[in-house]
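# Breakdown of the fold
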Amino acid sequence: EKIYDELDDVTRRVKNLTGDGQHFGDEKVGNLLDRNTATKYCCQTNGTLTMRFRMSEPTAIRGIVVTTGNDTENDPNRNPVRWTLYGSNVEHGDWTVVSQVSDAGARLPIANEEYAGFLTGFDKKFTYYKWVLELNGTIFQFSEIEFFE
């Protein structure tokens, strides 16, 4: 199901996705892009998780869709409460804020494998992205992420 009819799904442009959390078993960061809600990225953090990725070509991320994990109802604190997405055309610096979501905790469903969409309101194209997510606790999980231009 396409949540943003007016935007193009550019998730397949994501390359080299990394997360700085310590994943549990097979619940690795790459699961976020496998288009399978039965898998997830679940990891231990210090209360903040940073994910980084490169796009195969400069891309304006205008929308993000996230899908919650398979046990969010039992532990909603695994959803982030806020986040900031940064973009750059230099791999390690000159970061520009693309989107800040201060109420993610209120906008994300407290339900298993449910999705929520977030528009960035930003049209500038970047090759590199850094996504910093803040948590109520120290464990993070999402099943899927999708990016739209």
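Summarised in this report is the structure supplied together with it. Just so you know, these numbers come straight off a predicted model, no measurement behind them.

The rules behind the values
- Residues numbered from 1 in each chain as written.
- Predicted model: local features only at pLDDT ≥ 70, side-chain atom pairs only at ≥ 80, totals over all residues.
- Heavy atoms only, no water.
- Helix = DSSP H or I, 4+ residues; strand = E, 2+ residues; numbered from the N terminus.
- Buried < 20%, exposed > 50% of the residue type's maximum accessible area, 1.4 Å probe, protein only.
- Polar contact = N/O pair within 3.5 Å; in protein donor to acceptor, adjacent residues only side chain to side chain.
- Contact = heavy atoms within 4.5 Å.
- Phe/Tyr/Trp six-rings, centres within 6.5 Å; stacked < 30°, edge-to-face > 60°.
- Lys NZ or Arg CZ within 6 Å of the ring centre and 35° of its normal.

### So, the side chain of Thr68
Locating Thr68 in the fold gives a position in the loop between β5 (63-67) and β6 (80-88). What makes Thr68 buried here is its relative accessible area of 0%. From its side chain, Thr68 meets the backbone nitrogen of Glu113 in a polar contact 3.1 Å long. Residues within four places of Thr68 in sequence aside, it is in contact with Asn79, Pro109, Ala111, Asn112, Glu113, Glu114 and Ser143.

### Observations concerning the packing of aromatic side chains
Taken as a whole and judged by the stated rule, the model has 9 aromatic pairs. Their ring planes at 65° and their centres at 5.9 Å tell us that Tyr41 and Phe140 sit as a pair that is edge-to-face. Of this pair, Tyr41 sits in strand β3 (residues 41-44) while Phe140 sits in strand β10 (residues 139-142); the two residues are 99 residues apart in sequence, bridging distant segments of the chain. Given a relative accessible area of 1%, Tyr41 falls into the buried group. Plain terms: the ring middles of Trp83 and Trp131 are 5.3 Å apart, the flat faces sit at 85° to each other, and that makes the pair edge-to-face. Of the two residues, Trp83 is situated in strand β6 and Trp131 in strand β9 (residues 126-135); the sequence distance between them amounts to 48 residues. Of the two residues examined, Trp83 and Trp131, each falls in the buried class. Chaining the aromatic ring pairs together yields one cluster made of Phe53, Trp83, Phe118, Phe122, Phe126, Tyr129, Trp131 and Phe147. Lying across the ring of Tyr86, Lys130 places its NZ or CZ 5.0 Å from the centre.

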